[in-house]
Amino acid sequence: MKVKDIMTRDVITVSPDTPVKEVANLMRKYNIGSVPVCEGNRVVGIVTDRDIVIREVAYGKNPNEVLARDVMTASITTINSEKDIHDAARIMAEKQIRRLPVVEDGRLVGMLALGDIAVTNRLHDDAGEALSDISKPSGTMF
């Protein structure tokens, strides 16, 4: 099975100049935890709900003044839509990420979430293994 077979095709995106308050409102409206940041149809970053909390709220910044570019993760991992879904699960586990922007020729065409893998019957073991690896602490805890 390929990534394109289970990815979400209608992806909400923002530009690097989108205010974080607008990004957060989109997350709430569409019940999503991440939004790709694009210049045209090229992914340049991703903003997660965690990015907003850790990089903005924790510092008391004004969400009307902070832009997506200020809180986004710029060094993102993407996957080609033609890749096998098992490759996606392996990448998610290795990189400890729950969401992968899906690209074709560098253009954003979808999003793949760990949940997409989990609901695919034949891939429950991969999803469980990926979630286990993603959930491992990556640094010192309090």
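As a starting point, this report considers the structure included with it. Every residue gets a number counted from 1 within its own chain, in the order that chain's sequence is written. A pLDDT threshold of at least 70 governs which residues receive local features in this predicted model, and a stricter bar of 80 or more applies before side-chain atom pairs are shown or counted, although totals over entire chains, interfaces and linings include all residues. Hydrogens are left out, water is left out, and the side-chain values use all remaining heavy atoms of the structure.

Looking at helix α5 (residues 85-95)
Piece 1. Listed in full, the buried residues belonging to α5 are I85, A88, A89, I91, M92 and A93.
Piece 2. Two N or O atoms count as a polar contact when they lie within 3.5 Å, although within protein this holds only if one can serve as hydrogen donor and the other as acceptor, and sequence-adjacent residues are included solely when both atoms are side-chain atoms. Each helix is a run of DSSP H or I of at least 4 residues and each strand a run of E of at least 2, with the numbering of both proceeding from the N terminus. Among the residues of α5, the N-terminal cap falls to D84, whose side-chain oxygen and the backbone nitrogen of H86 are separated by 2.7 Å.
Piece 3. Just downstream of α5 lies Q96, where phi reads positive at about 55°. The rule is simple: take the accessible area with a 1.4 Å probe, protein chains only, and divide by the maximum for that residue type; under 20% is buried, over 50% is exposed, in between is partly exposed.

Observations regarding the side chain of S34
Piece 1. Here S34 is to be found in strand β1 (residues 34-39).
Piece 2. The class of S34 is buried, set by a relative accessible area of 8%.
Piece 3. Discounting chain neighbours no more than four positions away, the residues touching S34 are M27, I46, V47, T48, R99 and M111. We call two residues in contact when some of their heavy atoms are within 4.5 Å.

Some words on a nonpolar patch on the surface
Piece 1. A surface patch of nonpolar side chains, about 250 Å² in accessible area, is lined by V53, I54 and V57.
Piece 2. Positionally, I54 belongs in helix α3 (residues 49-55). Residues enter patches when they are more than 30% accessible in relative terms and free of salt bridges; like-charged ones are connected within 9 Å and nonpolar ones (Val, Leu, Ile, Met, Phe, Trp, Tyr) within 5 Å. Each accessible area is a Shrake-Rupley result for a 1.4 Å probe, and residues are judged covered by the shown protein chains and nothing else. Should a side-chain nitrogen of Lys or Arg be within 4 Å of a carboxyl oxygen of Asp or Glu, the pair is scored as a salt bridge.

Section: the environment of G45
Piece 1. Tracing the backbone through its elements, the reader meets G45 in strand β2 (residues 42-48).
Piece 2. Residue classification places G45 among the buried residues on the basis of a relative accessible area of 0%.
Piece 3. Excluding anything up to four places from it in sequence, G45 contacts P36, V37, M72, T73, A74 and I76.

Some points on the pairing of β2
Piece 1. In terms of residue burial, β2 counts as a mostly covered element, since 5 of its 7 residues are buried.
Piece 2. In the sheet, β1 pairs with β2 via 6 bridges, with the strands oriented antiparallel. Paired with C38 across the two strands is V43, which belongs to β2.
Piece 3. What sits between the antiparallel neighbours β1 and β2 is a turn of 2 residues, in which G40 has the positive phi angle 70°. Strands are treated as partners if at least two bridges between them are detected by DSSP.

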